[in-house]
Amino acid sequence: MRVRAIVICAGTVALSACATPRMHSVEELNRASLACGLTYGELIQDEEAKKLLILFRQAPSASQRRCVYQFARRNNLKLVVIDGIQFPEETN
């Protein structure tokens, strides 16, 4: 009986580890952004790389990174932080 319980638990863990990520709506990402102290559009998810959650903000604080990381982990996503943003100056 104990072996059966172990096998069932191992199977459950294996299946949950393989959870397929889903595309989150813009509203869901914006809610997570605001909850983490970010602004609209700073969290994005690409259609071709559904497993990646991209944090697009220059120098996010440690608490913002941690909050977004926790959201990503809860949703079976991998966090990618793009914080070295340099926009070229516009010339007139």
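Our structure's up above, just so we're on the same page.
Being a predicted model, the structure only gives us computed values, none of them experimental. (Residues numbered from 1 in each chain as written. Predicted model: local features only at pLDDT ≥ 70, side-chain atom pairs only at ≥ 80, totals over all residues. Heavy atoms only, no water.)

Peer 1: Outline the overall build of the chain, supporting the account with residue identities and numerical values.
Peer 2: When its secondary structure is counted, the chain shows 3 helices and 3 strands. Helices and strands in the chain line up, N terminus first, as α-α-β-β-α-β. Taking the intrachain contacts of the chain between residues at least 6 apart in sequence as the baseline, contacts between residues at least 24 apart amount to 52%. By element, 57% of the accessible surface of the chain is carried by carbon and sulfur atoms, the whole surface being about 7000 Å². (Helix = DSSP H or I, 4+ residues; strand = E, 2+ residues; numbered from the N terminus. Contact = heavy atoms within 4.5 Å. Areas by Shrake-Rupley, 256 points an atom, 1.4 Å probe, with all protein chains shown as cover.)

Peer 1: Could you give me a rundown of the sheet that holds strand S2 (residues 49-56), with the residues and numbers involved?
Peer 2: Judged by pairing direction, the sheet is mixed, and its 3 strands sit side by side in the order S1-S2-S3 without closing on themselves. Looking at which strands have only one partner, the edges of the open sheet turn out to be strand S1 (43-46) and strand S3 (78-82). For this sheet, the mean inter-axis angle between neighbouring strands, taken without regard to orientation, is 30°. As paired elements, S2 and S3 share 5 bridges and run parallel to each other. Within S3, the residue paired with Leu55 across the bridge is Val81. Against the sheet, helix H2 (residues 26-35) touches S1 and S2, its axis set at about 145° to S1. Contacts between helix H3 (residues 62-74) and the sheet are confined to S1, S2 and S3, with S3 contributing the most and set at about 150° to the helix. (Pairing = 2+ DSSP bridges. Axes fitted to C-alpha atoms, helices over the stretch in contact; angles between N-to-C directions.)

Peer 1: If you had to explain the side chain of Asn30 to someone new, which residues and values would you point to?
Peer 2: Along the polypeptide, Asn30 turns up in helix H2. Taking relative accessible area as the criterion, Asn30 reaches 16% and is therefore assigned buried. (Buried < 20%, exposed > 50% of the residue type's maximum accessible area, 1.4 Å probe, protein only.)

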